[in-house]
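Descriptive structure summary
This is what each chain is made of:
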Amino acid sequence: MVSTGQLIRDHGADGGALDQWRSLAERGELVPDTVILTALHEVLGSTETSRGYVLDGFPRTVAQAEDPSGPHVDVAVRLDVPDEVVRERLAGRRAAGRTDDDPETVERRLQVYHSETEPVADMYGKKGTLRSVDATRPPDEVTEAILDALGD
Ligand code: AMP
């Protein structure tokens, strides 16, 4: 699995091309589409993908989803969690040290999700390739539901 957020966290301070974008991510803003697409292209180019791949956190915008050079998406899985549950969970995760989990940043991330990423889910919904998973359930049940969704 390739997590685009993890790419930013791992390589946002290593002197490479992603350095300047880490502070945007820490404020809850999205990193520019071209930056994400380029980073993902590089990672997938050097990863064994003959059996497919799972992308976590991509695409976050319609532009990412529609970019002709972007990775092919057969199935999109949306984890459905009400905003209030997101707030509670991220407040708990904050203790684990994610700097983008402070309350103001969480609010910004929710806004950005609703304005930029929800339309992506709508797009896959219209295409018939969206699978929705009730992610308020315990982690092992959610994992199973995701695997089911991917196995279709
Ligand atoms: P995540 O770990 O998926 O929650 O991502 C953490 C942060 O990294 C996000 O809030 C964004 O700032 C950035 N990020 C991750 N994936 C993307 C993406 N596909 N497009 C733009 N920014 C992203």
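Please refer to the structure higher up on the page.
Residues numbered from 1 in each chain as written. Predicted model: local features only at pLDDT ≥ 70, side-chain atom pairs only at ≥ 80, totals over all residues. Heavy atoms only, no water.

Digging into the site of the ligand
Cut-off, in case you're wondering: Any residue with a heavy atom lying within 4 Å of a molecule or strand is counted as near it. Whenever two N or O atoms come within 3.5 Å, that pair is a polar contact, provided that in protein one can donate a hydrogen and the other can accept it, and provided that, for residues adjacent in sequence, both atoms are side-chain atoms. Secondary structure elements are taken from DSSP: a helix is a run of H or I of four residues or more, a strand is a run of E of two residues or more, and numbering for both begins at the N terminus. Note that Gly is not counted as nonpolar here; it falls among the polar residues with everything else outside the nonpolar set of Ala, Val, Leu, Ile, Met, Phe, Trp, Tyr, Cys and Pro and the charged set of Asp, Glu, Lys and Arg.
In the neighbourhood of the ligand, 15 residues make up the surrounding shell, with T4, R9, E29, G57 and Q64 lying closest. E29 places a main-chain nitrogen or oxygen 2.6 Å from an oxygen atom of the ligand. In this structure, an oxygen atom belonging to the ligand sits 3.0 Å away from a side-chain N or O atom of R60. When residues of the shell around the ligand are assigned to their parent elements, the largest contribution, 3 residues, is made by helix 1 (residues 4-11). Looking at side-chain class alone, the shell around the ligand contains 5 nonpolar, 4 polar and 6 charged residues.

Observations concerning the packing of helix 1 against helix 3 (residues 33-45)
Counted only if it meets this: Every axis in this analysis is a line fitted to C-alpha atoms, fitted for helices over the stretch in contact. Angles between the N-to-C directions lie between 0 and 180 degrees. Each angle gets one of four labels, with under 35 degrees taken as roughly parallel, over 145 as roughly antiparallel, 65 to 115 as roughly perpendicular, and the rest as oblique. What makes two residues a contact is simply this: any of their non-hydrogen atoms within 4.5 Å.
The contact between helix 1 and helix 3 brings their axes to 11 Å, and the two run at 90°. Considering their axes alone, helix 1 and helix 3 lie roughly perpendicular with respect to each other. In this structure, helix 1 contributes T4, L7 and I8 to the contact, and helix 3 contributes I36, A39, L40 and V43. Classifying every residue of the contact of helix 1 with helix 3 gives 6 nonpolar, 1 polar and no charged.

Some words on the side chain of T61
The residue T61 is located in the loop between strand 2 (55-56) and helix 4 (62-66) in this model. Polar side-chain contacts of T61 include one of 3.0 Å to the backbone nitrogen of Q64. Sequence-distant contacts of T61, defined by excluding residues within four places in its chain, comprise L30, D33, E116 and V120.

As for the pattern of salt bridges
Applied cut-off: The rule for a salt bridge is simple: a side-chain nitrogen of Lys or Arg has to be within 4 Å of a carboxyl oxygen of Asp or Glu. Three labels apply to residues, based on accessible area from a 1.4 Å probe with only protein chains included: buried if under 20% of the type maximum, exposed if over 50%, partly exposed otherwise in between.
Within this structure, the stated rule accounts for 8 salt bridges. Two residues, E29 and R108, come together in a salt bridge whose shortest N-O distance is 2.8 Å. Placement of the pair is E29 in the loop between helix 2 (22-26) and helix 3 and R108 in helix 6 (residues 103-127), with a sequence separation of 79 residues. Looking at E29, the relative accessible area reads 27%, which means it is partly exposed.

As for the packing of helix 5 (residues 83-93) against helix 6
For clarity, the cut-off: In this scheme the crossing of two helices becomes right-handed for a clockwise turn of the near helix relative to the far one and left-handed for an anticlockwise turn of less than a right angle.
The N-to-C vectors of helix 5 and helix 6 enclose an angle of 140°; their axes lie 11 Å apart at closest approach. On the basis of the axis angle, helix 5 is oblique to helix 6. Considering the relative orientation of helix 5 and helix 6, their crossing is right-handed. Only V106, E107, R109, L110 and H114 of helix 6 make contact with helix 5, whose side of the interface consists of D83, V86, R87, L90 and R93. Within the contact of helix 5 with helix 6, the residues separate by chemical class into 4 nonpolar, 1 polar and 5 charged.

That's the geometry; what it means functionally is another story.
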